[in-house]
Each structure stands twice: as structure tokens, then as C-alpha cells.
Amino acid sequence: MMQIYADNAATTKMSRTAIDAMLPYMETFYGNPSSLHTVGQQAAEALAKARETVASLLGCEAREIYFTSGGSEADNQAIISAARIGAKKGKKHIISTAFEHHAVLHTLEKLRKEGFDIELLDVHANGMISAQQVADAIREDTCLVTIMYANNEIGSILPIPEIGAVCKEKGVLFHTDAVQAAGHLHINVKEQNIDMLSLSAHKFHGPKGSGVLYARKGIPLTNIIEGGAQERGKRAGTENIPGIVGMAAAMKEACEHIDEDTKKVSALRDKLIAGLSKIPHSILNGDPVNRLPGNVNMCFEGVEGESLLLLLDRDGICASSGSACTSGSLDPSHVLLSIGRPHEIAHGSLRLSLCSWNTEEEIDYMLEAIPKVIEYLRSISPLWRDKVENRKEFILK
Ligand SMILES: *Cc1c(COP(=O)(O)O)cnc(C)c1O
């Protein structure tokens, strides 16, 4: 049986390049960069070099890069920092969207309880937010706009340079959660008017537990973790040197291959979408064109996401669904609800996220296996029978 990993939006397998870059920093150069001796200074050099690499890949200066434990921490720190800056000036209005990652939404929820006015923009049915929506929402007391670069569930790519331009013109700080975009799309923070940006190594074949917050110089960050003076005093804790070195290596490799990977992976994606769209009573989530190269997300009426995943896993296919049983709640994905999918339909979602290591053979295998599993699940569903026998209406025509 084939084993297919199609859950690259959740996390990726590390690249050989990243692993090889890390090993010496565990075996030989294991020092603490704060130590004055040679072993420590070797680590400090690696840290400085990794910072240079990441900065040049984002189009900023090394001193604007802060290493974090991942995307979630970077999101938290960016948003909390902007909120504190705003509060000092009496500005407590924050603009975001309804389909952000929970690292953003839950941080905003915390600020709402502290008295901030949080405005979540409506997402269009195709998974987009326009720069005009942002322009219309900005007020005198807006201290932050935080909008993701690309959505992790439905793959839509937002007009970040345009949104950044609006924020710049109005003098409002702009943060973007670029965790799904970094290493996959061309990013340049200066050209794209981005004040703060979050990224995470494990979404581009780097190690888990390693991320970056870019913050334009002059933006005073608030510490989330207090302690030592690491990261210009803004993030305490002995630096994760292997993780940071591995992230820089993985990011460089990913960024150097963006164009060829996009071409290859989006062709696989489009073949998968075209094949799955032949399944009756199904619908694609997100924009057909303006989407991440590896993202496929569809809803199938009469199918329950969790059962679908378990049966696909039995067939060797690792996928993901929007229904969040993991969180212990039966609520379907807030992302699918935000684009207007009814609860019943949102429960039957499937996300397949590809990378450049997936093959055409794997796509063919999935196009064989998935329709069979869906047919089986429908055949044992009483609700489906009601629809087939005209006692209930189909929602997806
Ligand atoms: C994965 C992800 C995160 C969280 O990153 P971690 O490094 O796992 O903390 C945040 N935002 C988006 C859009 C993601 O896909």
C-alpha cells in the first residue's frame, strides 16, 4: 500500500539540507552564544549568520529579526506589542479577519477582555479580504491591522502589499501571519509594506519549535518571555541554535526553489481538484486561482470529516479536516463558517496539502481511493438516504 503524506499545512518533513545544517550544532558547536569562550562564540557566529540569512530572504535588516519558538509565539508578541503601543496613545481599535489562525484570534480575544475593540472583517465567499475593506474599517483610534498572508485551511492568498499600502498611508501598524506563505511565496517586507511578520520553520521543511518575528526597526516590542537579554532584550531564553540554523537553511532552500516548486505543486493540486470535483454534491473551498500551490480543500455533502480521515488513513493517506474534534468541540472550522458554508457542509471537509515531494502517482492513487471512501460513507448515512430518496433537500447541487 502507498503511504502518502498530504498534510503539509499541518507540518512538513524536514529536508536533508536542514538536518545536515543542524547536526554540527548539536554534536560539535553546542555552546551557549552568551558564553565568552570559543565554543560559545562559535554558536554566536552561527546565530548571527542565520539572522543575516533570514533577513536577506525577507528583505529587511538583521536587527529587525527576532527568533521565537514558532509562529504562535511570534503572532502573540506582534499583537501584544502593537496593542501596548496603541494603548499608550489611547488607541484601542484592532482590525483583523474572521478566518485567522487561533494564535491570532485567541490573542485578540484576550485583548478584547482587556477593553480593546476588536473588529473582525467578513471574508468573501471565495476566501478573500480586499484592501478596500481594510481602508473602510480604519479609524482614528486604530492601532493595528493584523491579517494573514495566506489561509492555512482554504489556501487563499490575500492582497498583502495592497493592504500594507493602505495601512502605511493611514499610519497604522500592519502585522501579517505569514506562516503558510514563507518559503512558498515571494515575500519582501519593505516592498510589501509589512511592519511585522510571523513565520515558522516547520511549515517549510525546517524544524519544529523555531520561528521568526520580523519587526520594523523603531517598533518597540513587548516581552512575552522575561529573563535574559537575548534577542536584543525582547525574548529571553538561551537561543535554540540548532533550530535557528536549521530554519535558516530550510528557508534558504525553500526560497531558492519557489518558482519551480510552485509550477510543479500547483499542477498536482489542479489535477487533484479537477478529479475530486467530479464527485457529485461536492464544492471547492477558497479561490480556484488565487491559492497556495499545495492547498486542496473541499466539502462533500453527506460525509463526516472525522470518519473520512480515519478511512483515508487506513488507505495510507494522511490528510486533515476542518472539523475540530481535536479541540474537544464539535464545532466545525471557523474558517469554513467564515466563507458561508453551513454547519452540515462544513463538517464534511477535507484538506489535502501537498509539497514538492508528492508525485503524480500519489495524486492518481488519491483520485482512486477518495471517491470510493466517500461513496462508502454516503452509503451508510441515513441522512444521505433521505436526500437520495427526496425526503430532504441537497444543499450542494
Ligand atoms: C501553523 C500555523 C501557525 C502556528 O505556528 P507554530 O509554529 O506551529 O506555532 C500560525 N499561523 C498559521 C497560519 C499556521 O499555519
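Here, every reference points to the structure presented above.
Throughout this document, residue positions are counted from 1 along each chain, in the order its sequence is written. A pLDDT threshold of at least 70 governs which residues receive local features in this predicted model, and a stricter bar of 80 or more applies before side-chain atom pairs are shown or counted, although totals over entire chains, interfaces and linings include all residues. Side-chain metrics rest on all non-hydrogen atoms present in the structure, leaving aside hydrogens and water.

K.L.:
Honestly, the overall build of the protein chain in this entry has me stumped. Any pointers?
P.N.:
Put simply, DSSP H or I for four residues or longer makes a helix, DSSP E for two residues or longer makes a strand, and each gets a number counted from the N terminus. When its secondary structure is counted, the protein chain shows 14 helices and 12 strands. Relative to a compact globule of 397 residues, whose C-alpha radius of gyration would be 21 Å, the protein chain shows 22 Å and is just as compact. When the backbone C-alpha atoms are referred to their principal axes, the protein chain occupies close to 75 × 50 × 35 Å. Classification of the 397 residues of the protein chain by burial places 56% in the buried group. Taking all contacts inside the protein chain whose residues are at least 6 apart in sequence as the whole, residues at least 24 apart take part in 72%. Based on C-alpha atoms, the radius of gyration is set beside the globule rule, defined as 2.2 Å times the residue count to the power 0.38. Burial status follows relative accessibility: with a 1.4 Å probe on protein chains alone, a residue under 20% of its type maximum counts as buried, one over 50% as exposed, and anything between as partly exposed. In this analysis, two residues are considered to be in contact whenever any of their non-hydrogen atoms come within 4.5 Å of each other.

K.L.:
Looking at this structure, how should I read the nonpolar core?
P.N.:
What tends to happen in soluble globular proteins is that the nonpolar side chains get buried as a cluster. Here, nonpolar core refers to any group of buried Ala, Val, Leu, Ile, Met, Phe, Trp, Tyr and Cys residues whose side-chain atoms link them within 4.5 Å. Residues L58, V134, V145 and I147 are the most contacted members of the largest nonpolar core, which totals 69 residues. Sorting elements by how many residues they give to this core places helix α8 (residues 241-256) first, with nine residues. Excluding residues that lie within four positions of it along the chain, L58 makes contacts with I65, I187, N188, V189, L197, L199, Y214 and M251. Core analysis: the second largest hydrophobic core is formed by 28 residues, L276, I279, V296 and L354 among them.

K.L.:
Where do I start with the packing of aromatic side chains in this structure?
P.N.:
Aromatic ring pairs: the centre-centre distance and the angle between the two ring planes describe each pair. Pairing of aromatic side chains requires ring centres within 6.5 Å, counting the rings of Phe and Tyr and the six-membered ring of Trp. Pairs whose planes differ by under 30 degrees are stacked, by over 60 edge-to-face, and all others tilted. Applying the stated rule across the entire model yields two aromatic pairs. Here Y25 and F29 contribute two aromatic rings whose centre-to-centre distance is 5.5 Å and whose plane-to-plane angle is 45 degrees, an arrangement assigned as tilted. The class of F29 is partly exposed, set by a relative accessible area of 27%. A cation over an aromatic ring shows up here: K13 above the ring of W357, its NZ or CZ 6.0 Å from the ring centre. The rule for a charge over a ring is simple: NZ of Lys or CZ of Arg within 6 Å of the ring centre, and within 35 degrees of the ring normal. Stacked on the ring of F116, the Lys or Arg K92 has its end atom at 4.9 Å from the ring centre.

K.L.:
Help me understand the environment of L336, please; the structure alone is not making it clear to me.
P.N.:
Mapped onto the fold, L336 is located in helix α11 (residues 334-338). Accessibility expressed as a relative area gives 0% for L336, which makes it buried. Taking the C-alpha atoms as reference points, L336 and R16, separated by 320 residues in sequence, lie 35 Å from one another. Apart from the residues within four sequence positions on either side, L336 is in contact with E153, I154, N285, N297, C299, R341, A346 and S349.

K.L.:
I keep staring at the site of the ligand and nothing clicks. Help me out?
P.N.:
The full set close to the ligand counts 13 residues, and S72, D177, Q180, S200 and K203 are the nearest of them. What qualifies as a polar contact is a pair of N or O atoms within 3.5 Å, subject to a donor-acceptor requirement within protein and to the restriction that residues adjacent in sequence count only when both atoms come from side chains. D177 places a side-chain nitrogen or oxygen 2.7 Å from a nitrogen atom of the ligand. Residue Q180 places a side-chain N or O atom 2.7 Å away from an oxygen atom belonging to the ligand. It is helix α4 (residues 71-88) that provides the largest number of residues to the shell around the ligand, a total of three residues. Under the convention adopted here, Pro, Cys and the residues Ala, Val, Leu, Ile, Met, Phe, Trp and Tyr are nonpolar, Asp, Glu, Lys and Arg are charged, and Gly plus all remaining residues are polar. Grouping the amino acids of the shell around the ligand by side-chain chemistry returns two nonpolar, eight polar and three charged. Being near a molecule or strand, for a residue, means having at least one of its heavy atoms within 4 Å of it.

K.L.:
Help me understand the sheet that holds strand β12 (residues 349-353) in this model?
P.N.:
The strands that make up a sheet pair up through hydrogen bonds in the backbone, lying either parallel or antiparallel. When DSSP finds at least two bridges between two strands, those strands are taken to pair. The sheet built from three strands is open, its strands ordered β9-β10-β12 with antiparallel pairing. Of all the strands in the sheet, just β9 (282-284) and β12 have a single pairing partner and so form its edges. Strand-to-strand twist across the sheet, computed as the mean angle between neighbouring axes with direction ignored, equals 25 degrees. Pairing geometry for strand β10 (residues 295-300) and β12, over five bridges, is antiparallel. Axis definition: a line fit to C-alpha positions, over the contact stretch in the case of helices; interaxial angles, taken between N-to-C directions, run 0 to 180 degrees.

K.L.:
Can you walk me through the packing of helix α9 (residues 258-276) against helix α13 (residues 360-379) in this structure?
P.N.:
As a packed pair, α9 and α13 sit with axes 10 Å apart at the nearest point and diverge in direction by 15 degrees. Considering their axes alone, α9 and α13 lie roughly parallel with respect to each other. For the pair α9 and α13, the crossing hand works out as right-handed. Note on element contacts: α13 touches α9 through E360, I363, D364, M366, L367 and I370, opposite L268, K271, L272, G275 and L276. Partitioning the contact of α9 with α13 into residue classes produces seven nonpolar, one polar and three charged. Our angle categories are set so that under 35 degrees counts as roughly parallel, over 145 as roughly antiparallel, 65 to 115 as roughly perpendicular, and the remainder as oblique. Left-handed describes a crossing whose near helix is turned anticlockwise from the far helix by less than a right angle; the clockwise case is right-handed.

K.L.:
What's the story with the sheet that holds strand β2 (residues 65-68) in this structure? I'm lost.
P.N.:
The strand order across the open sheet formed by seven strands is β2-β8-β7-β6-β5-β3-β4, and the pairing between neighbours is mixed. Unpaired on one side and paired on the other, β2 and β4 (117-121) mark the two borders of the sheet. Recorded for the sheet is a direction-independent mean angle of 20 degrees between the axes of neighbouring strands. Bridge count for strand β6 (residues 173-177) against strand β7 (residues 196-200) is three bridges, and the pairing is parallel. Its bridge partner being in β7, D177 is matched across the sheet by S198. Against the sheet, helix α7 (residues 160-170) contacts β5 (142-146) and β6, and its axis sits at roughly 160 degrees relative to β6.

K.L.:
Looking at this structure, how should I read the pairing of β10?
P.N.:
The side chains of a regular strand alternate between the sheet's two faces. With six of six residues buried, β10 lies mostly within the body of the structure. Because side chains alternate across β10, one face comprises the buried residues N295, N297 and C299, and the other comprises V296, M298 and F300, equally buried. Inspection of the sheet shows β9 paired to β10 by three bridges, in the antiparallel sense. The residue of β10 that forms the bridge with I283 is C299.

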